[in-house]
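Reading the structure
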2 protein chains.
Amino acid sequence: MTSSIEIQRVKSSKIASVDFDNLPFGSVYSDHMLTCDFVNGKWQEPKIVPFAPITLDPSAKIFHYGQSIFEGMKAYKDTDENVMLFRPLENCKRLNKSAERLVIPQIPEDIFMDGLKALLEVDSDWIPTNDGSSLYIRPFMFASGTGFHASPADAYKFIICSAPSGPYFAGKVKVLIEEKYARAANGGVGYAKAGGNYAAQFYPTQLAIDKGYNQVIWTDDNSHQFIEEAGAMNIFVRINDTLITSPTSDRILDGITRKSILQIAEDNGIDTEIRKISVGEVVEAAKDGSLKEMFGAGTAAVISPISGFGYNDNDFDLPELENPYAAQLKKLITDIQTNKSEDPYGWRVML
Amino acid sequence: MTSSIEIQRVKSSKIASVDFDNLPFGSVYSDHMLTCDFVNGKWQEPKIVPFAPITLDPSAKIFHYGQSIFEGMKAYKDTDENVMLFRPLENCKRLNKSAERLVIPQIPEDIFMDGLKALLEVDSDWIPTNDGSSLYIRPFMFASGTGFHASPADAYKFIICSAPSGPYFAGKVKVLIEEKYARAANGGVGYAKAGGNYAAQFYPTQLAIDKGYNQVIWTDDNSHQFIEEAGAMNIFVRINDTLITSPTSDRILDGITRKSILQIAEDNGIDTEIRKISVGEVVEAAKDGSLKEMFGAGTAAVISPISGFGYNDNDFDLPELENPYAAQLKKLITDIQTNKSEDPYGWRVML
Ligand SMILES: Cc1ncc(COP(=O)(O)O)c(C=O)c1O
Ligand SMILES: Cc1ncc(COP(=O)(O)O)c(C=O)c1O
């Protein structure tokens, strides 16, 4: 299957220097990466090479016009050393949706999927097995073509690299509901995993961190009255026993965790609603006690329970429940992801 | 003055290979560039080095999170070989405003200004003297620090490179007033020269080009009822004899050409208004003949007259006037820029 991809192996692996019991998130990198160039109007042969610096012209458009997109996925290994991915085709499809919006050539599904599998075979020793750890995989594409004219580049790089990682958040997550800044415009690129969407969040997030929060919950840029999503997670709100999440739109990322959680919740007897969630409603529910839970859902963050939120200079705490939906759903989804349970959906892809 | 900056000269200049009579825009690069690194919490010594590829880790945040900003300036040379810039401090200030919003460390004014001057001294032969040509200068800053955590990097690069350039637009500019897509959100980064703002425009611009237009005129993302700016130009509309431009906001770039033109127009007896411009008003004015001119204003585009616009599947042509404001103002501003007239404002900076 993967024999057609050329592999240049590292001379000596760095793996012995890695402390797998104390993994940070996304800052220790595996030995190899997959690279594939788009030049002369077509994708060239992908290759697996040692993880090593990239050389680019100073006029490459990535530096000037932010023409870049990415994905985030995880690989898991079970106790029998089986390696598995979770809904990887969804990431490939979303990458290509992002590509279309950013006028980046779409990556053929076979380069993505075969490349990913070949890379995981070469670096399978890098997949952690400790609870809560996994191999975070980062496929990305960017404009390597040059020029100061503000127009799409004529050359691109597709790269997949990976990082054995621990949890994204250390501890409880306290969020601030944003009233001034915004993440995405109507008719903009919010639904794409475009690089520029993330840098745009750093400043308001820093302001929130300075006030003692971990994350911003974005609201619509027009009225700031509706809860949309967080920096790298979709948001779920539980009012009484109903689990609610915003509909996706051109401002909101269509999260794979989000849609998986919706499915699992329904199949496990949890009422779900996909509808606009107003800030007023959440504040009222917090006040009258019907707001039971809030949590973020995303590949990096898995399911991250929110302990409280700030809004309009007030802080609201969430109750500590016995057996919250967040914990139930996290167990259900991670059991599927890590081969600890049946997978009635066919989401798990074994290598 | 510039003696403190280390200079590594090219072994042999590429200049003989350049056809200065047929310069493209921004795709032929001068021999040298200025580089300065931010590491360990501070800016290091700037250096002038040969224009050559940059080497970056695949996990550098520029590739993933679009943490990048830039500026665009021009250097001119008069018939006596004097070299000059136009309001360069404004670019430095705006770069730092962009830096603040993108959580990039601000560049000290002396590194920017002294570096720029030193670079222009070394590459002064690259400044074209032909009418309509100039040395386009591109200062930019981006995240070279690494990591997949969506947070600001801990290392950055500041680079200035340059490209002897001809006109940005070849021929007349026909624009499409956008009704669906948007460039910037309220509370977003539209006022910053952030890389991601430009890639976000490529797709709608491509759709407009496919329909026979050159550029999109952006409208507010909420109602699409107000004209904001174009891809790399602010927009002026002349109704009867009044020149109107939108106020700047957090969605609109505060263009240096725009504010210079407003000043020059006022001082030359042209009535100006800074106020919201509704699409309906422009369409009505086009129909009743009171819409006399539209033009874009920006460093790259200088003043680019608009020959017509599309809106809601209708095309509207603009009249061809004898002595349009666009031509008058273009002459006034370029004469100041190129030392062909007095500069009552102190905008010209001679090297
Ligand atoms: C903005 C944003 N929202 C939501 C998510 C969650 O998406 P997924 O569950 O596919 O990882 C992510 C990223 O992963 C994201 O970047
Ligand atoms: C979005 C945008 N608007 C307007 C302008 C014009 O600004 P300036 O006159 O300072 O060049 C530019 C760029 O140069 C721009 O990128």
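Refer to the structure printed above.
First, a word on what this report is: a plain description of the structure on this page. (Residues numbered from 1 in each chain as written. Chains lettered and ligands numbered in written order. Predicted model: local features only at pLDDT ≥ 70, side-chain atom pairs only at ≥ 80, totals over all residues. Heavy atoms only, no water.)

Scanning chain A for helices and strands turns up seven helices and 20 strands. Taking 20 Å as the expected radius of gyration for a compact globule of 351 residues, we find that chain A reaches 21 Å, a close match to that expectation. If you line up chain A on its principal axes, its C-alpha atoms span 60 × 55 × 35 Å. Counting over 351 residues, chain A shows a buried share of 60%. For chain A, restricting intrachain contacts to residue pairs at least 6 apart in sequence, the fraction spanning at least 24 positions comes to 71%. Accessible surface for chain A amounts to roughly 13,500 Å². Of this, 46% is attributable to carbon and sulfur atoms. (Helix = DSSP H or I, 4+ residues; strand = E, 2+ residues; numbered from the N terminus. Rg over C-alpha atoms; globule rule 2.2 N^0.38 Å. Buried < 20%, exposed > 50% of the residue type's maximum accessible area, 1.4 Å probe, protein only. Contact = heavy atoms within 4.5 Å. Areas by Shrake-Rupley, 256 points an atom, 1.4 Å probe, with all protein chains shown as cover.)

Turning our attention to the pattern of salt bridges. Side chains that differ in charge, positive against negative, can pair when their charged atoms come close. In this structure the tally under the stated criterion is 28 salt bridges over all chains. Put simply, Lys77 of chain A and Glu81 of chain A hold a salt bridge, and the shortest N to O gap is 3.7 Å. A relative accessible area of 11% means that Lys77 of chain A is categorised as buried. Glu228 of chain B serves as the salt-bridge partner of Arg251 of chain B, at 2.5 Å between the closest nitrogen and oxygen. On the criterion of sequence distance, the pair formed by Arg251 of chain B in the loop between β15 (242-245) and α5 (256-267) and Glu228 of chain B in strand β13 (residues 227-230) is long-range, its members being 23 residues apart. Shared partners join several salt bridges into a network, and the residues in it are Arg238, Asp241 and Glu293 of chain A. (Salt bridge = Lys/Arg side-chain N within 4 Å of Asp/Glu carboxyl O.)

Bringing the packing of aromatic side chains into the picture now. Taken as a whole, this structure holds 43 aromatic pairs over all chains when the rule is applied. Between Tyr65 of chain A and Phe70 of chain B, the ring centres sit 5.4 Å apart and the planes meet at 90°, which makes this aromatic pair edge-to-face. Of this pair, Tyr65 of chain A sits in helix α1 (residues 61-65) while Phe70 of chain B is found in strand β6 (residues 68-70), placing the two residues in two different chains. Per residue, the accessibility class of Tyr65 of chain A equals that of Phe70 of chain B, and both read buried. Site record: aromatic cluster; members linked through ring pairs are Phe25, Tyr29, Phe51, Tyr136, Tyr168 and Phe169 of chain A together with Phe148 of chain B. Sitting over the face of the ring of Tyr325 of chain A, Arg238 of chain A holds its NZ or CZ atom 3.7 Å from the ring centroid. When the ring centre of Phe226 of chain A is taken as origin, the NZ or CZ atom of Lys276 of chain A, which lies over that ring, is 4.3 Å away. (Phe/Tyr/Trp six-rings, centres within 6.5 Å; stacked < 30°, edge-to-face > 60°. Lys NZ or Arg CZ within 6 Å of the ring centre and 35° of its normal.)

Another aspect to go through is the nonpolar core. Grouped together as the largest cluster of nonpolar side chains are 182 residues, with contacts concentrated most on Phe63, Phe158 and Phe309 of chain A together with Phe63, Phe158 and Phe309 of chain B. Apart from the residues within four sequence positions on either side, Phe309 of chain A is in contact with Val175, Ile177, Tyr213, Val282, Val283, Ala286, Leu291, Met294, Asn314, Asp315 and Phe316 of chain A. (Core = buried A, V, L, I, M, F, W, Y, C linked by side-chain atoms within 4.5 Å.)

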